[in-house]
Structures are given as C-alpha cells and as structure tokens.
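Each chain is listed here by its residues.
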Amino acid sequence: MGLRGKIEEVVRGILREIDLVKKNGMKDVLHLVDELRRGTVIALGDADVLTPSIADTVRARIAELIHQFEERVLVKMNEYQRRSFVRGIQLVDKSISAGNVRFAVPYLSQQTLEYLRNYNASLIKGISDLARERISQEITLGVLGQKPATDIIKAIGKNLDSPSVFGTISKRAETIYRTEIDRAHNLASQNRIKQIAPQLGDLMKEWRHGYVGIPRANHLVLHGKRVEATEKFHLVGIHGALYEVDGPQDAILPPEESINCRCVAIPVLRRFDHIRK
C-alpha cells in the first residue's frame, strides 16, 4: 500500500469509528424513548376510567416521566456528541500525520462543543413538548369518552415501530440524534483544518458524499471538490440559494441541507497529488 492509500485507510478507519459512535448512541437514545413509552402505558393502564381528576393525576405522572427522559437523553446526547467531536479532530490530525507531516497546534477550543450542547437542550425539549402534547390529546379524548383506554394505549404505541405517538417521537429522536452527532464531528474537523492551515501552506479540504440513503443531488455534485483550507465550498441549495460554507452541516445551512446529511470534509495535501495510491 502506497502513502496515499495509507492516508485513505486512516480516513476510512476514523469514519468507521464515527459510525460506531452513532450506532451505539442511537441504541441508548431509543432505549430511553422506549422506557418513556412503557412508563406512559403503565400510567394509563393503572387508570380504569379517565375522569377529569384521574386524568390530572395521570398527566402529572407522565410529566415527571418526560422530565426524567429529557434529562437522561441530554446526558447521552452530550456524551456521544463529545466522542464524535473528538473523532472529528482525529480525522484531521491522524490523516495528516499518516503522511509523515508534522504540525504543532493546541487542543481545539471546546466553545463549539458547548454551543452544540446548548442546541441539544432545545432540540430535546422539542421532543419532550411533542410527547407531552400528543399524550395529553389522547388523554383528553379518553376523558370526553371518545376513546376507551385500550384505544388510547394503542394510539400511544405498543412499540416504537408502530404508527403511533411514540412511533413519531422515536423517528424524531433518531433524526435529531444522527444529525447532531454528524454535526459535531464535521464542525470539529472544519475548525481543526482552519487551525492547522497557517502551518501547512498546501493544506486543502475535500468534500466527500456519504452515499447513504437518498442522496441530495446538490451535495452529490460536490463530491471530490477541493478548496483551500480556509476557503468556502459553494453549495447551491435545493431551493436555489447559494451558500458559502466551511463544509457539510455548516451553521449557516438551513435544516433541509443539514438534516440526515452524511457528507464530510477531509483534509488533503497537494504535495501528495503526484503519488500513486
């Protein structure tokens, strides 16, 4: 294996580690969603008849379960996002070092990670608010006599795969988790590349499409595109707007360009262009 092949193998190895972080964290997050679902079903099952006073008691119990869920999911999200952030730094450091290139920079500032953690809190609150609203609607139908308890529990969801309240919540949680874990390593890599750039005059970055799921054609067209380390990629959005971005999931991109995006930007050095893989 030549030098470029060795560098590429390092890149692929780090990307596999990132995928493992996403996989393990997803299992933990969906387990917490399912715990909330089971707790909700139990709280509803304990009420034989949903009178207004009993419904208030059930709502209070479920509100406490949702609060606990929110706190526990935030801890998990923050931890796995930190791991992804570290892998994003390693993607840059190890791929450059694999080419026997030396550089010396301090550890990347945690300010970006703190920003992501604050953003996580608002996203998770959105999931909790959705759960609270949808469950409350079902309870209200029970109080009004429009739904028996068995139908309410069915609407809440017998599992996370059913077309139900928790089927919707689990899909929302999955999308948010995957997107924000990918955002963490992408922002870490982009900031690390800019941090190293003054020391390596031939440092560039290359957009790589993830080739997962249904590709965005406007992201796919950037696959293999290279720009200088401190320059911007030009991404034409799906609605025609032009975005000048540091890389995938740049903070200026709207949700339709970031959600479920698996693209990455990797560091490349011009000095190796003439070397065969």
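Enquirer: Just checking my understanding: could you explain the pattern of salt bridges for this structure?
Expert: Opposite charge on two side chains permits them to pair, given that their charged atoms come into close proximity. If you walk through the whole model with that rule in mind, you get 28 salt bridges. For Glu8, the salt bridge goes to Arg12, with nearest N and O atoms at 3.9 Å. Residue Glu8 and its partner Arg12 are located together in helix H1 (residues 3-45), separated by four residues, close to a single helical turn. Assessed through its relative accessible area of 37%, Arg12 is described here as partly exposed. Here Lys125 makes a salt bridge to Asp129, at a shortest N to O gap of 2.9 Å. Here Lys125 pairs with Asp129, and both are found in helix H3 (residues 111-143), just four residues apart, close to one helical turn. Through salt bridges with shared partners, a single network forms among Glu8, Glu9, Arg12, Arg16, Glu206, Arg208, Arg226 and Asp273.

Enquirer: Explain the sheet that holds strand E5 (residues 264-269) here, please?
Expert: Hydrogen bonding along the main chain pairs the strands of a sheet, whether they run parallel or antiparallel. One open sheet holds the three strands; their spatial order is E2-E1-E5, and the pairing between them is antiparallel. The open sheet is flanked by strand E2 (226-228) and E5, the only strands paired with a single partner. The sheet shows a mean angle of 35° between the axes of neighbouring strands, taken without regard to direction. Where strand E1 (residues 203-208) lies against E2, three bridges are found, and the strand directions are antiparallel. Counterpart to Lys205 in the pairing with E2 is Val227.

Enquirer: It is not clear to me how the environment of Arg61 should be interpreted in this structure. Could you clarify?
Expert: Turning to its location among the elements, Arg61 is positioned in helix H2 (residues 52-97). Using a relative accessible area of 44% as the deciding quantity, one classes Arg61 as partly exposed. For Arg61 and Gly39, which are 22 residues apart along the polypeptide, the C-alpha to C-alpha distance reads 9.1 Å.

Enquirer: I keep staring at the pairing of E1 and nothing clicks. Help me out?
Expert: Here is the key point about a regular strand: its side chains alternate between the two faces of the sheet. With respect to burial, E1 is a largely interior element, six of its six residues being buried. Residues Leu203, Lys205 and Trp207 line one face of E1 and the alternating positions Met204, Glu206 and Arg208 line the opposite face, and both faces are buried. By the bridge criterion, six bridges tie E1 to E5 in an arrangement that is antiparallel. Along E5, the bridge assignment pairs Glu206 with Ile266.

Enquirer: For this particular structure, what's the right way to read unusual backbone geometry?
Expert: Leaving glycine out, the prevailing phi sign among residues is negative, and the prevailing peptide bond configuration is trans. A positive phi angle, near 60°, is found at Gln249, a position not held by glycine. Secondary-structure assignment places Gln249 in the loop between strand E4 (242-245) and helix H7 (255-258). Given a relative accessible area of 0%, Gln249 falls into the buried group.

Enquirer: Sorry, what's going on with the nonpolar core here?
Expert: It is characteristic of soluble globular proteins that their nonpolar side chains tend to be buried jointly. Core analysis: the largest hydrophobic core is formed by 38 residues, its most contacted members being Val58, Ile135, Ile139, Ile156, Phe166 and Ile169. Put simply, the parts of the chain that give this core at least two residues each are H1, H2, H3, helix H4 (149-156) and helix H5 (165-196). In terms of nonpolar packing, the next biggest core, distinct from the first, is built from 14 residues, Ile7, Ile193, Ile196 and Ala229 among them.

Enquirer: For this particular structure, what's the right way to read H4?
Expert: Each α-helix winds once per 3.6 residues, and so residues spaced three or four apart point in a common direction. Those residues of H4 that fall on the buried side of the exposure criterion are Ile152, Ile153, Ala155 and Ile156. End-on view of H4: buried residues confined to an arc of 160°, all on one side of the axis. Opposite the packed face of H4, turned more than 90 degrees from it, sit the exposed residues Thr150 and Lys154. Structurally, H4 contributes buried residues whose contacts are with H1, H3 and H5. Taken from the residues just after H4, Gly157 is the one with a positive phi, measuring 125°.

Criteria and thresholds
Residues numbered from 1 in each chain as written. Predicted model: local features only at pLDDT ≥ 70, side-chain atom pairs only at ≥ 80, totals over all residues. Heavy atoms only, no water. Salt bridge = Lys/Arg side-chain N within 4 Å of Asp/Glu carboxyl O. Helix = DSSP H or I, 4+ residues; strand = E, 2+ residues; numbered from the N terminus. Buried < 20%, exposed > 50% of the residue type's maximum accessible area, 1.4 Å probe, protein only. Pairing = 2+ DSSP bridges. Axes fitted to C-alpha atoms, helices over the stretch in contact; angles between N-to-C directions. Core = buried A, V, L, I, M, F, W, Y, C linked by side-chain atoms within 4.5 Å. Arc of directions from axis to C-beta. Contact = heavy atoms within 4.5 Å.

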